[in-house]
Number of protein chains: 4
Amino acid sequence: MPLSVAENSEKISIDRDTENLFLHVRNQTEILSNGLSAEDQCVQATAYTSPTKWHLAHTTWFFETFILKPELKHYEEFNPDFNFLFNSYYEQIGERHARDMRGLLTRPSIDEVYAYRSHINKSMLTYLHRGLDDGKLGLLDLGINHEQQHQELILTDIKYTLSCNPINPIYNAAEPWEASPNHEREWMRFDGGLTQIGADGKTFAFDCESPRHKTWLEPYKLASHPVTNLDYMEFIRDGGYQKPELWLSDGWSECCNSNWKAPLYWEQKGDEWVLFTLSGLRPINLNTPVCHISYFEADAYARWAGCRLPTEAEWENAAQTCQISGNFLESCAYHPLPSTKIGLNQMFGDVWEWTASPFIPYHGFKIAKGAVGEYNGKFMSGQMVLRGGSCATPQSHIRPTYRNFFYPPDRWQFSGLRLAK
Amino acid sequence: MPLSVAENSEKISIDRDTENLFLHVRNQTEILSNGLSAEDQCVQATAYTSPTKWHLAHTTWFFETFILKPELKHYEEFNPDFNFLFNSYYEQIGERHARDMRGLLTRPSIDEVYAYRSHINKSMLTYLHRGLDDGKLGLLDLGINHEQQHQELILTDIKYTLSCNPINPIYNAAEPWEASPNHEREWMRFDGGLTQIGADGKTFAFDCESPRHKTWLEPYKLASHPVTNLDYMEFIRDGGYQKPELWLSDGWSECCNSNWKAPLYWEQKGDEWVLFTLSGLRPINLNTPVCHISYFEADAYARWAGCRLPTEAEWENAAQTCQISGNFLESCAYHPLPSTKIGLNQMFGDVWEWTASPFIPYHGFKIAKGAVGEYNGKFMSGQMVLRGGSCATPQSHIRPTYRNFFYPPDRWQFSGLRLAK
Amino acid sequence: MPLSVAENSEKISIDRDTENLFLHVRNQTEILSNGLSAEDQCVQATAYTSPTKWHLAHTTWFFETFILKPELKHYEEFNPDFNFLFNSYYEQIGERHARDMRGLLTRPSIDEVYAYRSHINKSMLTYLHRGLDDGKLGLLDLGINHEQQHQELILTDIKYTLSCNPINPIYNAAEPWEASPNHEREWMRFDGGLTQIGADGKTFAFDCESPRHKTWLEPYKLASHPVTNLDYMEFIRDGGYQKPELWLSDGWSECCNSNWKAPLYWEQKGDEWVLFTLSGLRPINLNTPVCHISYFEADAYARWAGCRLPTEAEWENAAQTCQISGNFLESCAYHPLPSTKIGLNQMFGDVWEWTASPFIPYHGFKIAKGAVGEYNGKFMSGQMVLRGGSCATPQSHIRPTYRNFFYPPDRWQFSGLRLAK
Amino acid sequence: MPLSVAENSEKISIDRDTENLFLHVRNQTEILSNGLSAEDQCVQATAYTSPTKWHLAHTTWFFETFILKPELKHYEEFNPDFNFLFNSYYEQIGERHARDMRGLLTRPSIDEVYAYRSHINKSMLTYLHRGLDDGKLGLLDLGINHEQQHQELILTDIKYTLSCNPINPIYNAAEPWEASPNHEREWMRFDGGLTQIGADGKTFAFDCESPRHKTWLEPYKLASHPVTNLDYMEFIRDGGYQKPELWLSDGWSECCNSNWKAPLYWEQKGDEWVLFTLSGLRPINLNTPVCHISYFEADAYARWAGCRLPTEAEWENAAQTCQISGNFLESCAYHPLPSTKIGLNQMFGDVWEWTASPFIPYHGFKIAKGAVGEYNGKFMSGQMVLRGGSCATPQSHIRPTYRNFFYPPDRWQFSGLRLAK
């Protein structure tokens, strides 16, 4: 939620670009579901993933609930059951369907959900054409960014779902990986000092990125690119998964209880490791960033390497000068690619980078009034910040101040790490 | 498994009736899936139910595994993955897909499963036309009866699945229930003595129904028809679900832990009870047999009524003179109907009747050699016998010696009770 | 509960023997706790075992609740809290302390519990000296037999508790085991026919042993003595714990989930097996009956051996002619001993023998009125009958009609098996 | 672990004060166990508490393992089993007894554990009299401080244990609480700026308190004293436990799942709340700091009050000028007392104050070599920092830089909160 949006209520007309952005994002979501059958889009493999169909409907419900119902005169609700079925976690909106039962919603059908999307799109265009209050621009931006977040989740969730099928289904076909040269890790030095991080409110940012505030940084170094599969394999070969002294205590419990031996989606076939990807089972490309590791694994790897994870302030301070380009959702690889540059690179795209920072409020953070206040603020305990976006993040969605967050044991996102000293 | 089938290996030609029966049963299964979408047929609501698609494939796998692969020369396997995916519990056939993960098999698609069914049907006709060894007739009968069992499960499982959807989907539309007169319970008297129960091997029966053997019965009485919703409501109103002294100890724990207040699928709307049925949410018909109760509830009800459950020997002894007619799968009601006769009636169809008998081997029971030996024998602990078939049982599938079995807390079958003294 | 006790209410005077029996049994219980520290007697290792102190108090509560409070005029309750603390499972007596929290009752202290015992003993003597109603004799017998049951549980529960201590504490010191000759198994033949089993009500028996009733038995054979450790080791060596085809389905799940490799208390030290016993860790005596096995293991062993378990009717029919002598609690071995006789032997004592019979009511069984009706009847589901008593059973407590019962996976009793054909 | 201790190895002689401190602390621990029976000291109520006996032994094992075995020539181990039994979580020391099984160690007896303590005390005196390497002084300090931490745990763990007993046992008798005036909350203002926090290494501090480092603070205010029971009751009356919008998402789940309605140890008797304390069940003293609340409750309360929790840097910055005096272990109240001063007070003692800061390493934190490195560092995930000590903390153990840490749902410590803005 942008904090800078003025509270006056003059109608402002939405320009063509905003409308196009809205339609583009809505369309992009549907493109992601194109290759999937109704069955693929319906099931739920575990409580923390959601069916594609649910994502398609929930992002639509968001516009209906936070914009159309309160703002569009004479708006007619598409289906009154949907408020119960497709509310994710907004307590202030009312009762909702249990999160771990989303996969049992064989009805409404995928066709009905598409009709729902279409209905909402049309109503949104009506709403946008009427012009909207300046104060509501933030909600439109929020809805668009919210949908982009779910685009990434559609990919990570369907990947998890398909991985549970012993026949290793393919989401999108891909070329074999070409050999690529291994780039040596360089150490990039930063001076630190009394710096500023956080969103300044001039462009859209989530509430949790605000306010921009001072923080003290000691001098530090960052690795030029993320840890690669090649790097990580040495950790495995050196017994990294068998040495409690490398792990946080909770991490070691998780490692033992979940019987971790490698990142998620790695499978040992004889002497070799193969990977389950959105293009099915594939051999490992050694020079791509390691991916689908938990915070606990990232932390253990860093300790093993005699380094540490960067804090989010260190990361953001370094990222402020980087260009936002790289391997995003739009490149349709849906998998990280090797580093091909020298100097600080791959800060954006490819893999989310676990930081050493718990997801807590910035000094001066204020929760927004009403149900949208539940967007980020209530998750500020027990999770760690990841930075930089991944191969499943839309390019226009990411920025240096962006704070993603997941629980320390979570592995189903495209999550990797970059070393710091 | 019939024990009487001679072991000589002269080829015998299958008559038209057998072939027709095979095709009829195979077709009947598909009819049951007709009204369901690909999504409906894919998901799994709980570990003990299976997706429709899985039932369609598993029954097909049964013919492929136990007949076509060992018996049909040059038979070409449809898809080698299917042996892993669609084996239910046959340890001797090899590793299999985890039971509680069946709902994640979005692939193969429902169309592929239909193609599998078609491939197997054609191969089975080839096999049947060649004539078959006398000793293999039993396997054909077993496969047909196996598929009929899964027809019932398709209905009970999809009912459970749809019931998990808050919008109460309808499987098949139904007329409103007409009022019907309430029949008074009469007590039918039986002399007992040294009687015989069990299958004599002259017609098909499952292995667990054999051998026919002597058992001593004291004189006993059976109620003329099953306990009705009207009867059961009095138990509820009298606090039956709040009085531990009416319950078995394990039943009381289950009742408290699962927060039972009424049979499965009963829902209180204000002062009234409604039922979830395969025709959606409906008011209660008071004169139909109570249904979807566990053994624990059946036992508690009987104790409350000052009666008891019949033993399976008592039930079978009484049933030997009854005609097999009534409300079965074929009537497409998919719900029990009221008693309309006097004298001993509704012994077959409408609801399975919980007996007081644990499912244990008859004296002299022998487990068949090979994997089909796992069909029934290994389940002979912890389960209770039910008798008589239900509104979801194919009529040709049931007989007086038939022993169905479920765990004492199970409620998702069409299970009711008949009182005894 | 004896069903034959006349309901007239003339006071009858209790003879010296009855009083002595009461005092003897009460004293015997305390002797069992003598070697244990206050700490040993306080803790609870798992929900299904109870602390010694709790047994000492609960058996006392039984006399207070069922005899002294209702029958002894001017009886003064020892401590009103105790009715809550020491009620085991009698719903009709009121709320009670959670079963799995018994080990947290550090107060009352063991000394207070001894004072409680003493108070109740004195009051009971007062009560007995006044003479008692004929109809109450059954309650006295019940209380005495109840306490004897808990004597066995004191031993089996403390054995389990001490086994959880890595330093292998010793309950009572024992001599090294002498070598003994291995007796060959003989097969004893019985004719069966229309026989009678069950208690006839002339002497004390629990309610579940009644009524005596007819049952039909086909001819059968029993092994002369229980399966020995030597026999059982062959089963282990032959991979018995790795072959699902030998197991009931629920048994195989339990075996896998609990990672069973041998009976409870067996530990592999290098190439050898040792046993944890009430005399600490000891080498295995090959000729003693195998012990601390579940029903599932007994059943799998019997299947492996090409035999089966006897039914309880077969066992009782055979036992009716045997003398009740052998290795009981009184011999203070607290461990089974080798067979030293030929012919049918060790039917009583040494190890409880799992039968093939679920614990269900005999035809005509009636639950007693009031809370004592909860003694056995409400446990009649999901458990299997064991017969014959063990090395931890008081000799005067056992009889041919005695029905003990435990769940199929239970292993902490002195439970073994005898083969049948 | 102090980082400042010089690494030269000249023997230095320990002065009388150090020896006295050692003996005083060792003796203090035993005093805490005086009023408890052997039974009280043996049991374990939940996995996260430990028996008193275990604390007595484990603190002793610490000196034996980290000082006597490596440092004292000819030291003879008291009992080789104890290294397995009384290691808490030091992976590098080897295998250890399962944490949740500590309550089953009825042997060694409490007397043996006291003998162990005595043996170690004697050996430690021998060691201290010989003089010790300068580099080992830190280990001695660590052992002493470690034992002081366990003194607090002895009190909080026995409180939890006794609370599980329905008869509400008393640990130490106490006078009735006198009425005391309610102090109004004042707001104390702090300027912030570029400040320093953390231990400077001149006196003993745990490793996690180091290094002293710069941090930027915006201006902030702290409440003059902690939130009281009176304050907290308003939150309860206002429906604080029923309003999800006040809670962190994980906190709300915990609140619902654990059915929280009030702080731990509060019990509603009719219209009134009573408290379980170490002096048994008592009425609530309204002016004492609220206590036994989780981080989630502290956070929800602060949000309800329109304030927030202080960060640990804010707290430490404010505490640097406060005198360390107040209600500690030594006052033997074992319960918080009302504020009696004006201005910033009760920063030390009474209740630990939850801060908004996750327990993570300070910039530049180094884990010590060897097993003592496991002391704090491996717990740096998922826990929150608490500051200031409590009524169960020894006075000499606390300091402004002290960082205590527990999981957000933990409630069995004497934990409260102070508001910030």
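Residues numbered from 1 in each chain as written. Chains lettered and ligands numbered in written order. Predicted model: local features only at pLDDT ≥ 70, side-chain atom pairs only at ≥ 80, totals over all residues. Heavy atoms only, no water.

## A few points about unusual backbone geometry
Residues and elements named next belong to chain A.
And then number 1: Of note, the amide linkage connecting R107 to P108 takes the cis form, showing an omega dihedral of 0°.
And then number 2: Within the secondary structure layout, P108 lies in the loop between α3 (82-86) and α4 (110-129).
And then number 3: Positive phi, close to 80°, is recorded for Y265, a residue that is not glycine.
And then number 4: Tracing the backbone shows Y265 in the loop between α7 (249-257) and β7 (266-269).
And then number 5: Relative accessible area serves as the criterion here: at 8%, Y265 is assigned to the buried category. (Helix = DSSP H or I, 4+ residues; strand = E, 2+ residues; numbered from the N terminus. Buried < 20%, exposed > 50% of the residue type's maximum accessible area, 1.4 Å probe, protein only.)

## As for the interface of chain A and chain B
As a measure of interface size, the accessible area lost when the parts come together is often cited.
And then number 1: If you look at the interface, chain A gives 29 residues, while chain B gives 29 residues.
And then number 2: Counting the surface chain A buries against chain B, the share from its top three residues, A:E39, A:L104 and A:R107, is 33%.
And then number 3: Of the charged contacts, one joins A:R107 and B:D40 as a salt bridge, the two residues approaching to 2.9 Å between their closest N and O atoms.
And then number 4: Put simply, chain A and chain B have 10 residue pairs in polar contact (both at pLDDT 80 or more) between them. (Contact = heavy atoms within 4.5 Å. Buried area = accessible area lost by both parts, 1.4 Å probe. Salt bridge = Lys/Arg side-chain N within 4 Å of Asp/Glu carboxyl O. Polar contact = N/O pair within 3.5 Å; in protein donor to acceptor, adjacent residues only side chain to side chain.)

## Describing the relation of the copies chain C and chain D
And then number 1: Aligned on chain D, chain C shows an RMSD of 0.0 Å; the corresponding rotation is 180° and the shift along the axis is 0.0 Å. In the structure described here, the two chain copies are related by an operation that fits a two-fold rotation axis. In terms of C-alpha distance to the rotation axis, chain C has C:E39 as its closest residue, with the C-alpha 2.4 Å off the axis.
And then number 2: Mapped onto chain D, 100% of the interface residues of chain C again fall at the interface, so both copies present the same surface. (Least-squares fit on C-alpha atoms with pLDDT ≥ 70 in both.)

## Side note on the relation of the copies chain A and chain B
And then number 1: For these two chains of identical sequence, chain A goes onto chain B by a turn of 180° and a shift of 0.0 Å along the axis, with RMSD 0.0 Å.
And then number 2: Looking at the interface residues of chain A, 100% of them are also at the interface in chain B, so both copies use one shared face.

## A look at the environment of B:S253
And then number 1: Here B:S253 is to be found in helix α7 (residues 249-257).
And then number 2: Sequence-wise, B:S253 and B:N79 are 174 residues apart; in three dimensions their C-alpha atoms are separated by 46 Å.

## Some remarks on the sheet that holds strand β7 (residues 266-269) of chain D
Each strand in a sheet pairs with its neighbour through backbone hydrogen bonds, running either in the same direction (parallel) or in the opposite one (antiparallel).
Residues and elements named next belong to chain D.
And then number 1: Taken in spatial order, the three strands make up an open sheet running β7-β8-β9, and their pairing is antiparallel. Whereas interior strands pair on both sides, the edge strands pair on one side only; in this sheet they are β7 and β9 (280-283). Neighbour to neighbour, the strand axes of the sheet diverge by 40° on average, direction disregarded.
And then number 2: In this structure, β7 lies alongside strand β8 (residues 272-277), joined through four bridges in antiparallel fashion. (Pairing = 2+ DSSP bridges. Axes fitted to C-alpha atoms, helices over the stretch in contact; angles between N-to-C directions.)

## Brief notes about the sheet that holds strand β9 (residues 280-283) of chain B
Residue and element names in this part refer to chain B.
And then number 1: Taken in spatial order, the three strands make up an open sheet running β7-β8-β9, and their pairing is antiparallel. The strands lining the two open edges of the sheet, one partner per strand, are β7 (266-269) and β9. Here the average twist between neighbouring strands, direction ignored, is 35°.

## A few points about the interface of chain C and chain D
And then number 1: On the side of chain D, 29 residues touch chain C, which itself brings 29 residues to the contact.
And then number 2: For the chain C face of the interface with chain D, the top three residues by lost area are C:E39, C:L104 and C:R107, together amounting to 34%.
And then number 3: There are four salt bridges connecting chain C and chain D.
And then number 4: Taken together, chain C and chain D are joined by 10 residue pairs in polar contact (both at pLDDT 80 or more).

## Topic: the domain arrangement of chain A
Residue and element names in this part refer to chain A.
And then number 1: If you check the domain split of chain A, you get domain 1 (16-163) and domain 2 (187-416).
And then number 2: Taking only C-alpha atoms, the centre of domain 1 and the centre of domain 2 are 27 Å apart.
And then number 3: Contact residues are listed per partner, giving 30 residues for domain 1 and 30 residues for domain 2.
And then number 4: Here domain 1 meets domain 2 over a buried area of about 2700 Å², counting both sides, of which 64% is carbon and sulfur.
And then number 5: Where domain 1 touches domain 2, the interface holds zero salt bridges.
And then number 6: Linking domain 1 to domain 2 there are 16 residue pairs in polar contact (both at pLDDT 80 or more).
And then number 7: At the level of secondary structure, the elements contributing two or more residues to the side of domain 1 that touches domain 2 comprise α1 (16-33), α2 (52-71) and α5 (137-163).
And then number 8: Residue composition of the side of domain 1 that touches domain 2, grouped by class: 14 nonpolar, 11 polar and five charged. (Domains from an automatic or database assignment. Nonpolar A, V, L, I, M, F, W, Y, C, P; charged D, E, K, R; others polar.)

## With respect to helix α6 (residues 229-237) of chain A
Residues and elements named next belong to chain A.
And then number 1: Listed as buried for α6 are N229, D231, Y232, M233, F235 and I236.
And then number 2: Tucked into the core, α6 has its buried residues touching β7, β8 (272-277) and α8 (295-304).
And then number 3: Phi turns positive one or two residues past the end of α6, at G239, with a value near 80°.

## Here's the deal with the packing of aromatic side chains
All names here are of chain A.
And then number 1: Under the criterion given, the structure shown has 156 aromatic pairs over all chains.
And then number 2: Relative to W412, the ring of Y48 has its centre 4.5 Å away and its plane inclined at 50°; by these criteria the two rings are tilted. Within this pair, whereas Y48 is found in the loop between α1 and α2, its partner W412 is found in the loop between β12 (404-406) and β13 (415-416), the two being separated by 364 residues in sequence.
And then number 3: For Y48, a relative accessible area of 33% gives the class partly exposed. (Phe/Tyr/Trp six-rings, centres within 6.5 Å; stacked < 30°, edge-to-face > 60°.)

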